[in-house]
Amino acid sequence: MKINCAIIVAALSLQCTALAHASNGPKYTVVDSPPLPCNGYPEQCSLRANGFFYLGTRLNTSPSTPSNHHCPVTQSRSVTEILDKGIQLLEISLCKGSNEKALLCSDATDEKEKKPLLDIVDEVFEYIQTRPQQVIVIHFSSDVPEEKRPTVKAIEDAIDTVCKTHSARTEGINIFKPRKCEFIHVQKESEPIWSEMRKLVTYYPEMSQWEGDGDHVGIRGRVIFTYDEDFKSEGTTSAYLSNAFWKTSFVPGQKPEEIQKHLHALCKETGAISIKAYSDPTAAVCTSDKLNDPNYLDELVIGTNACDYNKADTQTYFASIVVDDYEKHLPYLKDLQSRMVDINLAKWEHEPTQFKRSGLLAEKKNTPPQYERYEL
């Protein structure tokens, strides 16, 4: 009996130690007017995380070459500001720095001027704890040759460095362990069915929430790290990277008419699709403005020469759109997201509905030409 008591006391002591570590850092403070739960769609929280429609932007591209210097990508706003605008997917090009350090690619020659990956991850972790119940996707692009990219180990070492700090600030979670970061949702290849958004962010409004000393405790949101199919070498294991859950509309050159043809074929298959509405970094012509045009994007989805979405299989749906200049047409992008989320939920509930053109776009009408009238 004494042995059993000793075991119980030791277990309780260990549990208390695990929960007490949160006092090592400043507590999080929820911002005024945070976004609504489940990325702004609390009524659609039953969608699985791979069934949501994410608005995305590229943070950067691979270093400029004579062929792509015409269309560089540099975001002037911080990651927090970008996320506050309603972006939930960040596409990143990574380059290898000294000592295998994971850095955001740029044209800067001085490594000190290149942003470390851990700075991006730090902002995103801070975001999901101060804007509760959000799911943010960070996608690693493979537009940089493999020999110039950091290793998966270097990427996950950077993530762990940030996670250790944020774990120490978070009440109600386990003591940090390398490659066991609780802020991250990892979708294992052996588990093809994704969790619902509400489960990832613990959003159950009908249930009372666990609170400690009047403050919210535990993980308040989740980050999902995805990667292009050829981003990491075959056979490389990863603790944090999940396979991208979509097929991409991207085609070499990114000519608008070629994207339409490619999307027409993709929409005859089942599964999720990501619209990549930005210029090919290796192309000789910048097409980003055309690809980001709202009229083109609506036509890309509904046009008979493009996706022809209303005739697609019920298991075919759009999971994201990624643009460069997201602020240029932000009201339209948010309207597109609203329409897509509604359709994705309707498909999930086996009540498919029709995709309709945006009400923000001027209707094309066959109006007779107008002539000025001259008085004699």
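If you're wondering where the values come from, they're calculated on a predicted model, not measured in any experiment.

## Quick look at the nonpolar core
Counting residues in each nonpolar core, the largest one holds 96 residues, and the members touching the most others are Phe140, Tyr309 and Phe318. Counting residues per element, this core draws most heavily on helix H10 (residues 330–348), which supplies eight residues.

## So, helix H9 (residues 294–302)
The buried count for H9 comes to seven of nine residues, which makes it a mostly enclosed element. Every buried residue belonging to H9 is among Pro294, Tyr296, Leu297, Asp298, Leu300, Val301 and Ile302, and all of these are buried. Where the residues of H9 are buried, they touch helix H7 (256–266), strand E10 (271–277), helix H8 (288–291), strand E11 (316–323) and H10. Between the side-chain oxygen at the start of H9 and the backbone nitrogen of Asn295 there is a gap of 3.1 Å, and the oxygen is on Asp293.

## A look at the side chain of Thr316
With respect to the secondary-structure elements, Thr316 resides in strand E11. Take Thr316: its relative accessible area is 0%, and that puts it in the buried class. Among the polar contacts made by the side chain of Thr316, one reaches the main-chain carbonyl oxygen of Glu269 at a distance of 2.4 Å. Filtering out sequence-adjacent residues up to four positions away, Thr316 remains in contact with Cys267, Glu269, Thr270, Gly271, Ile273, Tyr309 and Lys347.

## Considering unusual backbone geometry
A positive phi angle, close to 50°, is found at Gln254, a residue other than glycine. On the secondary structure map, Gln254 appears in the loop between strand E9 (247–248) and H7. Phi at Asp308 is positive, roughly 55°, even though this residue is not glycine. Checked against the element boundaries, Asp308 lands in the loop between H9 and E11. The exposure class assigned to Asp308 is buried, which follows from its relative accessible area of 14%.

## What to know about the confidence of the model for the chain
The pLDDT averaged across the chain works out to 87; a share of 85% of its residues lies at or above 70. The spread of mean pLDDT over the elements of the chain runs between helix H1 (residues 2–20), the lowest at 45, and helix H2 (residues 37–40), the highest at 98. Between residues 210–214, whose pLDDT stays under 50, and residues either more than four places distant or in other chains, the model counts four contacts. Every residue in residues 365–376 scores below 50 in pLDDT, and together they form zero contacts with partners more than four places removed in sequence or on other chains.

## A closer look at a negative patch on the surface
On the surface, Glu146, Glu147, Glu229 and Asp230 cluster together into a negatively charged patch. By the secondary structure assignment, Glu146 is in the loop between strand E4 (135–141) and helix H5 (152–169).

## Quick notes on the packing of aromatic side chains
In this structure the tally under the stated criterion is eleven aromatic pairs. When the ring of Phe125 is compared with that of Phe183, the centres are 5.0 Å apart and the planes differ by 20°; the resulting orientation is stacked. Remark: Phe183 occurs in the loop between H5 and helix H6 (197–200) and Phe125 occurs in helix H4 (residues 117–130); sequence separation between them is 58 residues. A relative accessible area of 0% means that Phe183 is categorised as buried. Grouped by ring-pair contacts, the aromatic residues Tyr41, Phe52, Tyr54, Trp194, Phe245 and Trp246 constitute a single cluster.

## Structural notes on the state of the cysteines
Overall, the coordinates contain four disulfides when judged by the stated rule. Across the disulfide from Cys38 sits Cys45; the S-S distance is 1.6 Å. Residues Cys38 and Cys45 are joined through a disulfide that is right-handed, its torsion about the S-S bond being 110°. What pairs with Cys95 in a disulfide is Cys105, and their sulfur atoms sit 2.0 Å apart. The chirality of the disulfide connecting Cys95 with Cys105 is right-handed, given an S-S dihedral of about 105°.

## Structural notes on H5
For H5, built from 18 residues, the straight-helix expectation of 26 Å at 1.5 Å per residue is met to within 8% by its first-to-last C-alpha distance of 26 Å. In terms of burial, H5 is largely enclosed, as 13 of its 18 residues are buried.

## Things to note about the pattern of salt bridges
Proximity of charged atoms lets side chains of opposite charge pair with each other. Enumeration according to the criterion identifies 18 salt bridges in this entry. Residue Lys85 is joined to Glu327 by a salt bridge in which the shortest nitrogen-to-oxygen separation is 3.9 Å. Remark: Glu327 occurs in the loop between E11 and H10 and Lys85 occurs in the loop between helix H3 (79–84) and strand E2 (89–96); sequence separation between them is 242 residues. The residue Lys328 makes a salt bridge to Asp289 at a minimum N-O spacing of 3.6 Å. Note that Lys328 is positioned in the loop between E11 and H10 and Asp289 in helix H8, a separation of 39 residues in sequence. Judged by its relative accessible area of 46%, Lys328 is partly exposed. Residues joined in a network through salt bridges with shared partners are Lys153, Glu156, Asp157, Asp160 and Arg179.

## Quick look at the side chain of Gln44
Among the secondary structure elements, Gln44 is positioned in the loop between H2 and strand E1 (54–58). Ignoring sequence-local partners within four residues, the contact set of Gln44 consists of Val341, Asp342 and Leu345.

## Quick look at the packing of H4 against H5
For the pair H4 and H5, interaxial distance at closest approach is 9 Å and the crossing angle is 35°. Here H4 and H5 pass one another in a crossing that is right-handed. Every residue of H5 that contacts H4 at Leu117, Leu118, Val121, Asp122, Phe125 and Glu126 is listed here: Ile155, Ala158, Ile159, Val162, Cys163, His166 and Arg169. For the contact of H4 with H5, the per-class residue count stands at nine nonpolar, one polar and three charged.

Criteria and thresholds
- Residues numbered from 1 in each chain as written.
- Predicted model: local features only at pLDDT ≥ 70, side-chain atom pairs only at ≥ 80, totals over all residues.
- Heavy atoms only, no water.
- Core = buried A, V, L, I, M, F, W, Y, C linked by side-chain atoms within 4.5 Å.
- Buried < 20%, exposed > 50% of the residue type's maximum accessible area, 1.4 Å probe, protein only.
- Helix = DSSP H or I, 4+ residues; strand = E, 2+ residues; numbered from the N terminus.
- Contact = heavy atoms within 4.5 Å.
- Polar contact = N/O pair within 3.5 Å; in protein donor to acceptor, adjacent residues only side chain to side chain.
- pLDDT = per-residue confidence, 0-100.
- Patch = residues over 30% accessible without salt bridge, like charges linked within 9 Å, V, L, I, M, F, W, Y side chains within 5 Å.
- Areas by Shrake-Rupley, 256 points an atom, 1.4 Å probe, with all protein chains shown as cover.
- Salt bridge = Lys/Arg side-chain N within 4 Å of Asp/Glu carboxyl O.
- Lys, Arg positive; Asp, Glu negative; His and termini not counted.
- Charge placed at Lys NZ, Arg CZ, Asp CG, Glu CD.
- Phe/Tyr/Trp six-rings, centres within 6.5 Å; stacked < 30°, edge-to-face > 60°.
- Disulfide = S-S within 2.5 Å.
- Expected span 1.5 Å × (residues − 1).
- Axes fitted to C-alpha atoms, helices over the stretch in contact; angles between N-to-C directions.
- Left-handed = near helix turned anticlockwise from the far one by under 90°.
- Nonpolar A, V, L, I, M, F, W, Y, C, P; charged D, E, K, R; others polar.

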